[in-house]
Amino acid sequence: MAHWQMLTLVGKDQPGIVAAVSAVLYKNNANLGEAAMQRLGANFTIMMMVDYAGSAEDLLSIVTPVAARFGLKEHVDVIEGRLHAHLQADVSISLYGADRAGIVASATERLAQAGLHILALHTDVAGTEEKPVFVMEISGHAAQGVEALREAVDDLDDLEIHIDPLQTMIG
Amino acid sequence: MAILDVLTYPDPLLKQVAAPVTEFDSSLARLAEDLEQTMRAGPGGVGIAAPQVGVLLRVVIVDVSSRPGIPNHGRLVLVNPEIQRWKGMVKGREGCLSVPDFIGTVIRAEHITLQAQDIHGGTQQYQMQGYEARAVQHEVDHLDGLLFLDRLVSRHHDLKPRQS
């Protein structure tokens, strides 16, 4: 039986982190499931599903030395694994506009009420320091259909929002 | 007719190049029927290639007519299919009966000119676009031992690196 734990590492980005962390996990009989690493600003962030028979404390003790070497903060949560429980995205949403506070809150609140289940979200602040442009990309499941999502954000006049069905070809 | 077992990666047969069909006989007709039934038994499948059921022959079935609002040629049995022209590039999401529980982003030609033989050996030519063209390209790849996993691209990045 698998013992899944979610390992989170955050800190200043530098080359070699993934290799060092995955090596120490492998040497200690931990197995990886799904993982997502992203550089956010100048920061390294990763969340990895780790199948490891020991306790969360044991997993932390394995990771702490390598995290310390790279100056990373580490965190472990015992989780339900649920591999092969993917939800299929059927809508893609992109949004951009002059940056202001509250874009994500106002857009996602409306979208949630119109049946959106967000499966992946990325945001970025592009443009320049003087004229920052906020960009958000979402993929998700539209339980009430795409048109309901379009109507829900229709009043957000200062934002350009594109909501399109996501087709998947299975062959 | 029978629903056949679909091979899943890493079955080595999925990485083999399939041989051209030379006999347009009753066993080919039976293979096409079985392939179609197997495709329709799978969840949401709009195409299948003979190597996916362990038959290394250049036969595929494509039928995207169940998807609303998509230009299509209906149910197609494509024997010895050959894509003769590719035009345009478009990213799209693909899954595969032989790679369960994974959806990936793949670049395909937006328009293709396809030549294929029908079940009786007659030569047909098709102009295809979009979703149907994607399905055909995915299935023809199976005949050459290629999976969509061999063509994955990041969904976040451009179709081509920008030329500076």
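Residues numbered from 1 in each chain as written. Chains lettered and ligands numbered in written order. Predicted model: local features only at pLDDT ≥ 70, side-chain atom pairs only at ≥ 80, totals over all residues. Heavy atoms only, no water.

Some remarks on the pattern of salt bridges
Part 1: Summed over all chains, the structure comprises 15 salt bridges over all chains.
Part 2: In this structure, the salt-bridge partner of Arg150 of chain A is Glu147 of chain A, at a minimum N-O distance of 3.1 Å. One end of the pair, Arg150 of chain A, and the other, Glu147 of chain A, are both in helix H4 (residues 146-152), 3 residues apart, so they sit about a helical turn from each other.
Part 3: The partner of Arg134 of chain B in a salt bridge is Glu94 of chain B, and the shortest N-O contact between them spans 2.7 Å. (Salt bridge = Lys/Arg side-chain N within 4 Å of Asp/Glu carboxyl O. Helix = DSSP H or I, 4+ residues; strand = E, 2+ residues; numbered from the N terminus.)

Description of the interface of chain B and chain A
Part 1: Taken together, the contact between chain B and chain A spans 23 residues of the former and 15 residues of the latter.
Part 2: A combined buried area of about 1,400 Å² lies between chain B and chain A, and 51% of that area is made up of carbon and sulfur atoms.
Part 3: At the junction of chain B with chain A, the criterion picks out 0 salt bridges.
Part 4: Run the count over chain B and chain A and you get 11 residue pairs in polar contact (both at pLDDT 80 or more).
Part 5: Sheet analysis places strand E9 (residues 168-170) of chain A next to strand E3 (residues 76-96) of chain B, joined by 3 bridges and oriented parallel. (Contact = heavy atoms within 4.5 Å. Buried area = accessible area lost by both parts, 1.4 Å probe. Polar contact = N/O pair within 3.5 Å; in protein donor to acceptor, adjacent residues only side chain to side chain. Pairing = 2+ DSSP bridges.)

Here we look at the layout of surface pockets
One water molecule sets the probe size; rolling that probe over the atoms shows where empty space is left.
Part 1: One number sums up the size of the largest pocket: a volume of about 1,900 Å³.
Part 2: In terms of lining, the largest pocket is formed by 50 residues, of which the most central are Glu34, His86 and Leu87 of chain A together with Arg93 and Ile103 of chain B.
Part 3: Elements that contribute at least two residues to the lining of the largest pocket include exactly strand E2 (31-40), strand E3 (43-51), strand E6 (116-127) and E9 of chain A together with E3 and strand E4 (99-117) of chain B.
Part 4: In terms of residue count, the dominant contributor to the lining of the largest pocket is E4 of chain B (7 residues). (1 Å grid on protein atoms, 1.4 Å probe; cavity = no way out; pocket = protein on both sides within 12 Å on 5 of 7 lines; lining within 4 Å. Points joined across faces, edges and corners; volume = space filled by probe spheres on them.)

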